[in-house]
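Tertiary structure, described
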Amino acid sequence: MSIYDYSVTDRDGNEVSLEKFRGKVLLVVNTATGCGFTPQYKPLEEMFEKYNAQGFEILDIPCNQFAGQTPGTDEEVHEFCTLKYDTKFDQMHKSDVNGENELPLYTYLKSQKDFEGFGKGPKALAMAAMLKTVDKDYKNNPNIKWNFTKFLIDRAGNVVARFEPTHDMKDVEKQVEALL
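A brief look at the structure comes next.

Each value, and the rule that gives it
Residues numbered from 1 in each chain as written. Predicted model: local features only at pLDDT ≥ 70, side-chain atom pairs only at ≥ 80, totals over all residues. Heavy atoms only, no water. Salt bridge = Lys/Arg side-chain N within 4 Å of Asp/Glu carboxyl O. Buried < 20%, exposed > 50% of the residue type's maximum accessible area, 1.4 Å probe, protein only. Phe/Tyr/Trp six-rings, centres within 6.5 Å; stacked < 30°, edge-to-face > 60°. Helix = DSSP H or I, 4+ residues; strand = E, 2+ residues; numbered from the N terminus. Lys NZ or Arg CZ within 6 Å of the ring centre and 35° of its normal. Pairing = 2+ DSSP bridges. Right-handed = clockwise from strand over helix to strand, strands pointing away.

Glancing now at the pattern of salt bridges. Inspection of every chain in the model, using the stated rule, returns 10 salt bridges. When the shortest N-O distance is used, the salt bridge between lysine 110 and glutamate 102 registers 2.7 Å. Owing to a relative accessible area of 7%, lysine 110 belongs among the buried residues under this scheme. Assessed through its relative accessible area of 16%, glutamate 102 is described here as buried. Among the charged side chains, a network of salt bridges with common partners joins Arg11, Glu75 and Asp90.

What follows is the structure in structure tokens.
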């Protein structure tokens, strides 16, 4: 199977085939509206505006699995994003990214790129310390660890990178730019 064999549901309840993104560079991100990483919407929107005409797309999948940081309806999430961050990329239906109800897309993404750590710095140390209390074995499983985990897919549909929320957004942008 490839990324193009999957689909997600948009906030209006319509099925969206990832085939729609064939030939594009795609960043899939599970988001939250009330998280310490929520300000990442700003650099995400900046990248979208800068590179969309070159074939860059963002697939924003709100998720409420991490400390309930995405309350509200799909429409409320969309309203928050457009009013606070002026997002132009669309948010999909709020969905699970781990567990028995996880989107099959996320099962696939996690099978392609495993967790490789949070990197260095205060945010990375804080995430590692917090996760040890939630999942003592977090380093040894591919589960999504928190909001704003990103998967980068090249124009051929290959999952080429996984970025934890602690990754520097400038590094994410450099890798996106390299694929365009």
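Attention now moves to the packing of aromatic side chains. Note on aromatic pairs: each is described by the distance of the centres and the angle between the planes. Within this structure, the stated rule accounts for 12 aromatic pairs. Ring geometry for phenylalanine 48 versus phenylalanine 89: centroids 5.7 Å apart, planes at 70°, classification edge-to-face. Here phenylalanine 89 lies in the loop between α2 (74-85) and α3 (104-112) and phenylalanine 48 lies in helix α1 (residues 41-51), a separation of 41 residues in the sequence. Residue phenylalanine 89 is classed as buried on the basis of its relative accessible area, which comes to 3%. Among the aromatic side chains, those forming a connected cluster through ring pairs are Tyr41, Phe48, Phe80, Tyr85, Phe89 and Phe148. For the cation-ring pair, lysine 145 lies above phenylalanine 115, with the distance from its terminal atom to the ring centre recorded as 4.8 Å.

In terms of burial, strand β3 (residues 25-31) is largely enclosed, as seven of its seven residues are buried. By the bridge criterion, seven bridges tie β3 to strand β4 (residues 56-62) in an arrangement that is parallel. Looking at the pairing, valine 25 lines up with phenylalanine 56 of β4. The parallel pair β3 and β4, bridged by α1, forms a crossover whose chirality is right-handed. In this structure, β3 lies alongside strand β5 (residues 150-153), joined through four bridges in antiparallel fashion. Residue pairing across strands places valine 28 opposite phenylalanine 151, the latter belonging to β5.

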